[in-house]
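Here is how the chains run, residue by residue.
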Amino acid sequence: MDTIFALASARGRAGVAVLRISGPLAHWAAGQLCPLPPARQAGLRVLRHGGEILDQALVLPFAAPHSFTSEDAVELHLHGSIAVVAKVSEVLAQMDGLRLAEAGEFTRRAMDNGHLDLTQVEGLADLIDAESESQRKQALQVLSGAIAQKVAPWRADLLRAAALIEATIDFADEDVPVDVTPEVLALLSRVHQDLAAEQARAGAGAAIREGFEVAILGAPNVGKSTLLNALAQREAAITSDIAGTTRDVIEVRMHIGGLLVTLLDTAGLRDSDDVVESIGIARAKQRAESADLRIFLLQQQGEVFDVAPRPDDILRLAKADLATQAAPAVSGKTGAGVEDLLAEIASKLETKTAAAGVFSRQRHMQALSTAQTALGKAITALPRAGDLPEVIATEIRVALTALEGILGYIGVEDLLGEIFSSFCIGK
Amino acid sequence: MKQFDVIVVGGGHAGAEAAAASARMGSRTVLITLRRDAVGVMSCNPAIGGLGKGHLVREIDAFDGIMGQAADRAGIQFRLLNRRKGPAVQGPRTQADRKLYRQAIQSLLAEYESLTILQGEVASLIVNANRVGGVVLADGSQITADAVIITAGTFLNGVIHVGDHQRAGGRVGDAPSILLAQQLADLNLQRGRLKTGTPPRLDGRTINWSVLDSQPGDDEPTMFSFLNSAPFAAQISCGITQTNERTHDIVRQNLGRSAMYGGHISGVGPRYCPSIEDKVVRFADKDHHQIFLEPEGLDDPTVYPNGISTSLPAEVQHDYVRSILGLENVVVTQPGYAIEYDYFDPRGLDTALQVKAMAGLFFAGQINGTTGYEEAAAQGLVAGVNASLLASGRPAISLSRSESYIGVMIDDLTTHGVTEPYRMFTSRAEYRLALRADNADQRLTEKAIALGCVSETRINAYRKKADLLAAARTLLSETAFSPRELQAAGVEVSADGARRSAYDVLAFEGVTPEHAAQLVPDFASFDEAIQLQTARDALYVQYIQRQDRDIQRLRADEALAIPPSFDYSGIPGLSNELTQKLKRALPTNIFQASKIEGMTPAALLLLISHVRRPSRQAMA
């Protein structure tokens, strides 16, 4: 029996958030974070993991069968911060034998263990229905939207790869291709890369909590620091007429369009012999790479920098007050174009938020990660496709099952259908 | 007083295995067949086993069944398919001498003292208060029993098509069971129509073997039964030839005269066993298709050309066959034909293969929409065991997907039904790495012994082997070696400081029992078969451990049985739509219920609570 955990209180900011752990490893798992109080007694504890303090929490253990699920259980009453809950969940998820509970699973266990009687279940049915209602909405979103579009081609690729491998297994005596490895490798690698990219993109989801990084870049003395100050509406950075005034990266936290944003002012990009300035420029480039969004201040249109451009970069002619060219421009000094720039930043970040929303759920992320790990193993084992195809098939199946958990059930009939439509089986 | 405990109707592979199982369990059993001399006849291709199918035969053997024994006695070309792949996907197969096979089945059945074989046609069932009490024969005589197993194969409303000619019949030369079909139709069970085909049979003496490739059996033949170690009959090779463009042209020109393409057949055929017509149409880009020329017996010149089943008119068959290399002057001894037949939707059965709507009535074999001797025999085994249990007042057993291919098949059939003749594949088994042909006895024989389904001889052989395997595994597991020690024994392992047992490293690439014996010298004292089996068990350990959690969840769901009499309308809060679906499906357990389309966690929860309620009251 798995040990499961999940947030038992509502999501989002609150005074207190209750995280519930249930199953044979519940006491062990909570015990990894702090010394446990006796059963059915609350104790104030500092939760630690790997030397790091996670939170101060009220810890309340229950011993089987005297708990909601009838199993060993622990409730962690955390501070109701989204970040704290995410961190503690992440630490728990990494423990061997623990996983995130599925919707209604605590109730189901309570039922399975005979702890709830019918009237209690009926009372709880409302609660569970509320959850399936959100699942219904989610399914609807999937139907019309991005998840199905993203998962469908992965599913098709994996189904094809599985069919190729299975054909060599189940129809060894038939007229089927013998060496399927190159095609399988191509299919698996493609999905593997996509999954990695998708997980990386999901970082945008985390950015909603932690703040987006928006970097201001450009040549020395084009007015980056002046713009930063104008956007932040305070004198955060030193400004002067001397080129190369800003040497380190200056960060300012602010709200744009209701989103938390960290604005980065950076050293002007140029070739420099000055050791300190060179370090600053290197840092500017590095932050430009990792930033969620970049604003390039240009001296003239078409100016090129030693930073790989992205399609969503915002380009503005600097010093709009002095501008002679007819192009979008901004001036930190006069405030010309600042409102327009803020609107564009907000709109671009909003797009990112929407894109990140596709796989924002922890359940999805776990599915993606499980699938990716399995595919990694399959790819590693692929050179042995001749003598241990069943092991590769098993890993592909794990990946398919994980992804199918997001979209719906895949039966073996789909697999056989793929085989029979591709190969002439029947000697 | 009932005359018998169990009646088995039909003497094909399902019927023979069902009768044997019931008799083995000590039930007074009668097998009623239209033709006594046809019991155990192989009516399609002369081969037993294969991938998935070989697994089924081994599982039948683990229950001390007769199919594996008969195949070993009749086998004339043994091949372990996928020999170079992992043990989980290796399947034993053999060409079987038809006559030897039939004789083997008949003599194995003759050994059962509590089994009677009766020649006759069953006309109807005796039914009292929705419970089967026996059968009435066509001559009007009655036979009473507690359970009746119907294994009617393709005989139910069978129609044979050769080109545009058709006639009623179950197999060429046999009359269809129209009377029984009418009786069963009155039960109001869902029915469907399927088709299957056979190739023309050839006279091997008119084949020019000298121009053909031949396929010999394995040098070290792999037997089906855990009790046998070598073939009984002389061994032969099969021939290999292929179709060509001329063959395809002849088929194409005559498609309109094919029963299937001429619109005479409504039944659905299997995708994995297409007729030559299908192959030519659906895979038009292929310029040839392989044909295996399989001798039907040692002293029988008939050859079964596997790969060209057809329902074209006889003269077209004659022409296209003669367009094939080596068959230029061949004599067709019997034209190929397609057969259409009725099956009963297996969703009307519980996991014991008992008809939900009629206590005491069991269905096994092709009547349930399956194809293949092995699938039929495996169902016969389950029906035979459960009919015997019913007759002796004991609770039914069902096999889990996680412990056997038989369990996979019965769960597939009773949950999803069939859309084409159902055949076993290893890819149907999600726990394939654990469900191997080589460990069928380790998985099932203990269970079979507990049921009283296993003879003394086999119990002793099984126990001896099980003890040796346990000892070998313990021996290899109890000592851990450093990477340096492992490397010294020739095992490639990274110097990560982790200590591993010889059992652990048997899962590594290239590690053999010899390496294990190098590390643990006493291991060499076990005989080769035990050493090999230990290595096979060790190979997938890490994958199987990962699956174990899933299996536990599955077994818990399977273990929660829903009584057949359960009243779904008595559940407040369950939607009308789901209530109707559940009433139609009558799932046997919670696992089956969970797979019903539209089932939600909330509804499942309600169902569980209501299913549990009576038992809790009983405890209180």
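Residues numbered from 1 in each chain as written. Chains lettered and ligands numbered in written order. Predicted model: local features only at pLDDT ≥ 70, side-chain atom pairs only at ≥ 80, totals over all residues.

Peer 1: A description of the overall build of chain B should follow, citing residues and the corresponding values.
Peer 2: For chain B, the helix and strand inventory stands at 20 helices and 23 strands. Against the 2.2 N^0.38 benchmark of 25 Å for 620 residues, chain B shows a C-alpha radius of gyration of 26 Å, consistent with a compact globule. Expressed along its principal axes, the backbone C-alpha trace of chain B runs to roughly 75 × 70 × 50 Å. Taken over 620 residues, chain B has a buried fraction of 53%. (Helix = DSSP H or I, 4+ residues; strand = E, 2+ residues; numbered from the N terminus. Rg over C-alpha atoms; globule rule 2.2 N^0.38 Å. Buried ≥ 20, exposed ≤ 12 C-beta atoms within 10 Å, placed from the backbone.)

Peer 1: Any chance you could break down the overall build of chain A for me, citing the residues and the numbers?
Peer 2: The helix and strand inventory of chain A stands at 13 helices and 11 strands. For chain A, with 427 residues in total, the buried portion stands at 38%. When contacts within chain A are restricted to residue pairs at least 6 apart in sequence, those whose partners lie at least 24 apart make up 61%. (Contact = placed C-beta atoms within 7 Å.)

Peer 1: Which residues make up the sheet that holds strand E12 (residues 165–168) of chain B, and what values go with them?
Peer 2: All names here are of chain B. Spatially, the four strands line up as an open sheet ordered E12-E11-E20-E13, and their pairing is antiparallel. This sheet does not close on itself; its edge strands, each paired only once, are E12 and strand E13 (191–197). Averaged over neighbouring strand pairs, the angle between their axes works out to 25 degrees when direction is ignored. Looking at chain direction, strand E11 (residues 159–162) and strand E20 (residues 338–344) are connected through three bridges and run antiparallel. Bridge assignment links His161 to a residue of E20, and that residue is Ala338. (Pairing = 2+ DSSP bridges. Axes fitted to C-alpha atoms, helices over the stretch in contact; angles between N-to-C directions.)

Peer 1: Hey, could you go over the nonpolar core for me, with residue numbers and the actual values?
Peer 2: One finds Ile165(A), Ile7(B), Val148(B) and Ile149(B) to be the most contacted residues of the largest nonpolar core, which totals 171 residues. In terms of residue count, helix H9 (residues 373–391) of chain B provides more of this core than any other element does, 12 residues in total. In contact with Ile165(A), not counting residues within four places along its chain, are Val180(A), Val184(A), Ala385(A), Pro389(A), Ile392(A), Ala393(A) and Ile396(A). In this structure, Ile250(A), Leu264(A), Phe296(A) and Ala318(A) belong to the second largest nonpolar core, which totals 32 residues. (Core = buried A, V, L, I, M, F, W, Y, C linked by C-beta atoms within 7 Å.)

Peer 1: Report on the packing of helix H6 (residues 245–253) of chain B against helix H8 (residues 314–322) of chain B, specifying residues and quantitative values.
Peer 2: Residue and element names in this part refer to chain B. Interaxial distance between H6 and H8 falls to 8 Å at its minimum, and their mutual angle equals 165 degrees. As far as their axial angle goes, H8 and H6 are roughly antiparallel. In the crossing of H6 with H8, the sense of the turn from one axis to the other is right-handed. Where H6 approaches H8, its residues Thr247, Ile250 and Val251 are matched on the opposing element by Val316, Asp319 and Tyr320. Along the lines of polarity and charge, the residues of the contact of H6 with H8 split into four nonpolar, one polar and one charged. (Parallel < 35°, antiparallel > 145°, perpendicular 65-115°, else oblique. Left-handed = near helix turned anticlockwise from the far one by under 90°. Nonpolar A, V, L, I, M, F, W, Y, C, P; charged D, E, K, R; others polar.)

Peer 1: Tell me about unusual backbone geometry, residues and numbers included.
Peer 2: Residues and elements named next belong to chain A. That bond from Ala64 to Pro65 is cis: its omega, 0 degrees, falls within 30 degrees of zero. Relative to the helices and strands, Pro65 resides in the loop between strand E4 (52–62) and strand E5 (73–79). Even without a glycine there, the phi angle at Asn221 is positive, about 60 degrees. With respect to the secondary-structure elements, Asn221 resides in the loop between strand E7 (212–218) and helix H8 (224–232).

Peer 1: Which residues make up the confidence of the model for chain A, and what are the values?
Peer 2: All names here are of chain A. Taken over all residues, the pLDDT of chain A has a mean of 80, while the share at 70 or more is 79%. Note on residues 117–145: pLDDT is under 50 here. Beyond four places in sequence and across chains, it has 29 contacts. Here residues 408–413 scores under 50 on pLDDT; set against residues more than four positions off or in separate chains, the count is five contacts. (pLDDT = per-residue confidence, 0-100.)

Peer 1: Requested: an account of the sheet that holds strand E9 (residues 142–144) of chain B, with residues and values cited.
Peer 2: Residues and elements named next belong to chain B. Reading across the sheet, the three strands line up as E7-E8-E9 and stay open at both edges, with antiparallel pairing between neighbours. Only two strands of the sheet have a single neighbouring strand rather than two, namely strand E7 (122–128) and E9. Strand-to-strand twist of the sheet, defined as the mean angle between neighbouring strand axes without regard to direction, takes the value 30 degrees. Looking at chain direction, E7 and strand E8 (residues 131–137) are connected through six bridges and run antiparallel. When the bridges of E8 are listed, Val127 appears paired with Val132.

Peer 1: Break down the pairing of strand E5 (residues 91–96) of chain B for me, with residues and values.
Peer 2: Residue and element names in this part refer to chain B. Among the six residues in E5, six count as buried, and that is most of the element. Residues Gly91, Arg93 and Gln95 line one face of E5 and the alternating positions Pro92, Thr94 and Ala96 line the opposite face, and both faces are buried. Relative to E5, strand E3 (residues 47–49) is paired through three bridges, and the arrangement is antiparallel. Pairing of Gly49 across the sheet is with Arg93, part of E5.

Peer 1: Account for the environment of Asp504(B), naming residues and giving values.
Peer 2: Structurally, Asp504(B) can be placed in helix H14 (residues 502–505). Judged by the 20 C-beta atoms lying within 10 Å of it, Asp504(B) is buried.

Peer 1: Summarise helix H16 (residues 528–539) of chain B; cite the residues concerned and give the values.
Peer 2: An α-helix turns once every 3.6 residues. As a result, residues three or four positions apart point the same way. Taking 1.5 Å of rise per residue, the 12 residues of H16(B) would be expected to cover 16 Å, and the 17 Å separating its terminal C-alpha atoms lies within 8% of that figure. Looking at H16(B), one finds that the buried residues are Gln531(B), Gln533(B), Thr534(B), Ala535(B), Asp537(B), Ala538(B) and Leu539(B). (Expected span 1.5 Å × (residues − 1).)

Peer 1: Residue-level account of helix H6 (residues 181–201) of chain A, with values.
Peer 2: Residues and elements named next belong to chain A. Taking 1.5 Å per residue as the helical rise, H6 with its 21 residues ought to reach 30 Å, and the 30 Å between its terminal C-alpha atoms agrees with that figure. Val184, Leu187, Leu188, Val191, His192 and Leu195 are the residues of H6 that are buried. Buried residues along H6 cover an arc of 125 degrees about the axis, so they all sit on one side. Opposite the packed face of H6, turned more than 90 degrees from it, sit the exposed residues Pro182, Ala186, Gln193, Ala197 and Ala200. (Arc of directions from axis to C-beta.)

Peer 1: Describe the environment of Gly65(B), and please don't skip the residues or the numbers.
Peer 2: Residue and element names in this part refer to chain B. Examined against the element boundaries, Gly65 turns out to sit in the loop between helix H2 (53–62) and helix H3 (67–74). Residue classification places Gly65 among the buried positions, given that 30 C-beta atoms sit within 10 Å. In contact with Gly65, other than residues within four places in its own chain, are Glu17, Ala20, Ala21, Ile60 and Leu381.

Peer 1: Kindly report on the confidence of the model for chain B, identifying the contributing residues and their values.
Peer 2: Looking at chain B as a whole, its pLDDT mean stands at 89, while 94% of the residues score no less than 70. Low pLDDT, under 50, characterises residues 615–620 of chain B; the predicted model gives this stretch one contact beyond four residues in sequence or across chains.

Peer 1: Describe the packing of helix H12 (residues 456–477) of chain B against H16(B), listing the residues and the values that go with them.
Peer 2: All names here are of chain B. One can describe the packing of H12 onto H16 by two numbers: an axis separation of 10 Å at closest approach and a directional angle of 65 degrees. Crossing of H12 over H16 shows right-handed handedness. Side by side, H12 and H16 meet where Leu468, Leu469, Ala472, Arg473 and Leu476 of the first sit next to Ile530, Gln533, Thr534 and Asp537 of the second. A class-by-class count of the residues in the contact of H12 with H16 yields five nonpolar, two polar and two charged.

Peer 1: Run through the environment of Ser404(B), naming residues and quoting values.
Peer 2: Residues and elements named next belong to chain B. Looking at the secondary structure, you find Ser404 in the loop between H9 and helix H10 (405–416). For Ser404, a count of 26 C-beta atoms within 10 Å translates into the label buried. Each C-alpha atom of the pair Ser404 and Leu202 lies 38 Å from the other, and the pair is 202 residues apart in sequence. Apart from the residues within four sequence positions on either side, Ser404 is in contact with Glu59, Leu399, Leu435, Arg443 and Leu444.

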